[in-house]
Amino acid sequence: MADVVLSGPIRSNLLSMQNTTKLLDETQLRLATGLKVRSAIDSPTAYFTAQGLNNRASDLNGLLDSMGQGVKTLEAADQGIKSILKLVESMKAVANQALETKVNPTTITGNRAGDPLTGGVTLAGLGDLATGHTITITVGEVTETVDIGAASGEVATVQDLIDWVAATFVGDEPLEATIDEDGQLNFSAANGRALTIEADNAGTPVSLAGLLGSHTSSTNGVNRDKFESDFNNLREQIEQLASDASYKGVNLLKGDLLSVFFNNEQTSKLDIEGVDLTPDGLLNIGAVANESGDHGFAADSDIQTFVDTLNAATGVLRQQSSTFGANLGVVQIRQDFTSSLINTLEAGASELTVADTNEEGAKMLALQTRQQLGTTALSLANQAEQGVLRLFG
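Residues numbered from 1 in each chain as written. Predicted model: local features only at pLDDT ≥ 70, side-chain atom pairs only at ≥ 80, totals over all residues. Heavy atoms only, no water.

**Quick look at the packing of aromatic side chains**
Alright, step 1. By the definition in use, this model includes four aromatic pairs.
Alright, step 2. Centre to centre, the rings of Phe 231 and Phe 297 are 5.7 Å apart; their planes meet at 75 degrees, and the pair counts as edge-to-face. Placement of the pair is Phe 231 in helix α4 (residues 225-244) and Phe 297 in the loop between β12 (294-295) and α5 (300-353), with a sequence separation of 66 residues.
Alright, step 3. For Phe 231, a relative accessible area of 0% puts it in the buried group. (Phe/Tyr/Trp six-rings, centres within 6.5 Å; stacked < 30°, edge-to-face > 60°. Helix = DSSP H or I, 4+ residues; strand = E, 2+ residues; numbered from the N terminus. Buried < 20%, exposed > 50% of the residue type's maximum accessible area, 1.4 Å probe, protein only.)

This is the structure:
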């Protein structure tokens, strides 16, 4: 089929309309996508430059997430320090309570019937007591036993018993035995712990009525044992809390290292050194001895030493809190800088590729007008051929 021959004016107007339609389609696409450069075909320089800017912005966004996790790790450590400080203050309160608690001795005052006792009275024959029987005295957790008799290591008289008590119960578990002006045998445990005196014959209990009367045990003293256990329990809580102050496996209170990177090449970073903020670490808070014959709160001077240690630990915690706070400030500053840089990179990429909707809208109106004018021009150019058609009418 032969091609249709168009006249010069019609062909010129048709080409103009085709170009207008192409421009109109392009403008509509820019308005629909918001982009003036969608591929390297549109503008290689702008496209690849914008792609490089967006890639760097994307990489920095990943680093920004990492910085955020670093901030959370520092915040976890800071919360741990604040909580440990509260526990240290509680320990100080316990130590001061112990210091304010004055130890009162536990006493047993004899009430035996009969003649007043003297040191030379023989134990055998005092009531049910006899040679070969055993006297057992317990002060707190210390128990000592002696046999009644005249042999070496045994006690024969009341004075022998008094001397044995003085020689046996020493240190943190002292005990004193005396005969008062009424001729009664009295015992006094200076540490304030429970005091019990018993007698037996090969495992069978024997009455001490002839020696002491009915008073053979007492808990009327005051001691500091409870404060020792409370102190050690709080110390254990510090150890546990420090172990729990981790974030994503990093614990700055147990000496871990946190590295926060600020660029993809990892040449710009901040290394945050963790510290061992445990009682056995930098806090240097020892446990209070609270075993038989060894009590750490027995003397006021010993308690004051613990208070001084706790004051030093408070200083260590505050100093480390300040150090972590400074590190946190650096990371947050870099966070803000990176966020601003990402905005700058994305804005630069947008300037290269994003269409100006106001401009494209104006173009759309202009092209639509040009399209209408082209249609009118094509109609006018076609009128000449329509005149020839009328000749056949």
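**Focus on the nonpolar core**
Alright, step 1. Grouped together as the largest cluster of nonpolar side chains are 48 residues, with contacts concentrated most on Phe 231, Leu 253, Ile 285, Phe 297 and Phe 324.
Alright, step 2. Elements supplying a minimum of two residues to this core: α2 (44-100), α4, β9 (257-261), β10 (269-273) and α5.
Alright, step 3. When residues of this core are assigned to their parent elements, the largest contribution, 17 residues, is made by α2.
Alright, step 4. Ile 148, Leu 161, Leu 175 and Ala 177 belong to the second-largest nonpolar core, a separate cluster that totals 30 residues. (Core = buried A, V, L, I, M, F, W, Y, C linked by side-chain atoms within 4.5 Å.)

**Looking at the environment of Phe 262**
Alright, step 1. Relative to the helices and strands, Phe 262 is located in the loop between β9 and β10.
Alright, step 2. For Phe 262, a relative accessible area of 6% translates into the label buried.
Alright, step 3. The spacing of Phe 262 and Phe 337 is 75 residues in sequence and 9.9 Å in space, taken between C-alpha atoms.
Alright, step 4. Excluding residues that lie within four positions of it along the chain, Phe 262 makes contacts with Leu 60, Leu 63, Met 67, Ser 268, Lys 269, Leu 270 and Arg 334. (Contact = heavy atoms within 4.5 Å.)

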